[in-house]
Amino acid sequence: PTYGVILGCGLISFPQPQNNHNAGNKQITAGASRLMRILIPESAYSIWILRCKRVIHGTNNSENTIKKRWISAIDRRLQLDRVLARNLKTMTKVKYTWSDIIHDSSQPPSNNWATNLEVLVDIWLPRPLQTEATR
């Protein structure tokens, strides 16, 4: 993306299909637009942080480290969306934003994925160890 796209990313929206006025398609398009408004600034911020660390501290990161940091940043944003979704309208917005990229390769996402502990791209949140007291 260009600097203009990065600076104007808060205004990004995908056009609605002309021939189909279905409300479901409008929500899907709104979800995709919202996802882009999240991914672009998070990615730009991650690039800026990595560049600052390289220039100021002289540290280079491997491709694997960069990929893990980006996934972690996007996962934090997903978790924030899940915590802030308190009512049905907000929960619907969160589901349309994230549902196409959250998946478990062995099974499709459940309807209540927003309350489960699954996260982006087949990465699972660490679960606390079960002790006799927590069973």
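Predicted model, so just to flag it, every value in this text is computed and none were measured.

Draft legend 1. Structural context of the overall build of the protein chain. When helices and strands are tallied, the protein chain shows 4 helices and 0 strands. For the protein chain, the succession of helices and strands along the chain, N to C, is α-α-α-α. Counting the 135 residues in the protein chain, one finds 23% classified as buried. If you sum the accessible surface of the protein chain, you get close to 9900 Å²; carbon and sulfur atoms cover 59% of it.

Draft legend 2. Here's a closer look at a nonpolar patch on the surface. A contiguous nonpolar surface patch, about 280 Å² in accessible area, is contributed by Leu80, Val83 and Leu84. Note on placement: Leu80 falls in helix α3 (residues 63-84). According to the relative accessible area criterion, Leu80 is partly exposed, its value standing at 43%.

Draft legend 3. A look at helix α4 (residues 88-98). Of all the residues in α4, the buried ones are Met91, Val94, Thr97 and Trp98. Seen end-on, α4 carries its buried residues on one side only, within an arc spanning 125 degrees. In α4, those exposed residues whose orientation departs by more than 90 degrees from the buried face are Leu88 and Lys89.

Draft legend 4. Looking closely at the packing of aromatic side chains. Per the counting criterion, the structure on display carries 1 aromatic pair. With centroids separated by 5.9 Å and ring planes inclined at 40 degrees, the aromatic side chains of Tyr45 and Trp48 adopt a geometry described as tilted. Of this pair, Tyr45 and Trp48 are both found in helix α2 (residues 23-57), 3 residues apart, which corresponds to roughly one turn of the helix. For Tyr45, a relative accessible area of 48% gives the class partly exposed.

Criteria and cut-off values
Residue numbering note: each chain is counted from 1, following its sequence as written. Whole-chain, interface and lining totals are the exception, using all residues; otherwise, since this is a predicted model, local features are given only for residues with pLDDT of at least 70 and side-chain atom pairs are given and counted only at 80 or more. Side-chain metrics in this entry use all non-hydrogen atoms of the structure; hydrogen atoms and water are not considered. In this text, helices come from DSSP runs of H or I with a minimum length of four residues, and strands from runs of E with a minimum of two, each type numbered from the N-terminal end. Buried residues are those whose accessible area, probed at 1.4 Å on protein chains only, stays under 20% of the maximum for their type, while exposed residues exceed 50% and partly exposed ones sit between those limits. Computed by Shrake-Rupley with a 1.4 Å probe, the accessible areas treat only the displayed protein chains as cover when residues are assessed. For patches, a residue must show more than 30% relative accessible area and have no salt bridge; joins then use 9 Å for like charges and 5 Å for nonpolar side chains, namely Val, Leu, Ile, Met, Phe, Trp and Tyr. A side-chain nitrogen of Lys or Arg and a carboxyl oxygen of Asp or Glu constitute a salt bridge if their distance falls within 4 Å. This arc is built from the directions going out from the helix axis to the C-beta atoms. Aromatic pairs are defined between Phe, Tyr and Trp rings, using the six-membered ring for Trp, whenever the two ring centres lie within 6.5 Å; interplanar angles under 30 degrees are classed as stacked, those over 60 as edge-to-face, and all others as tilted.

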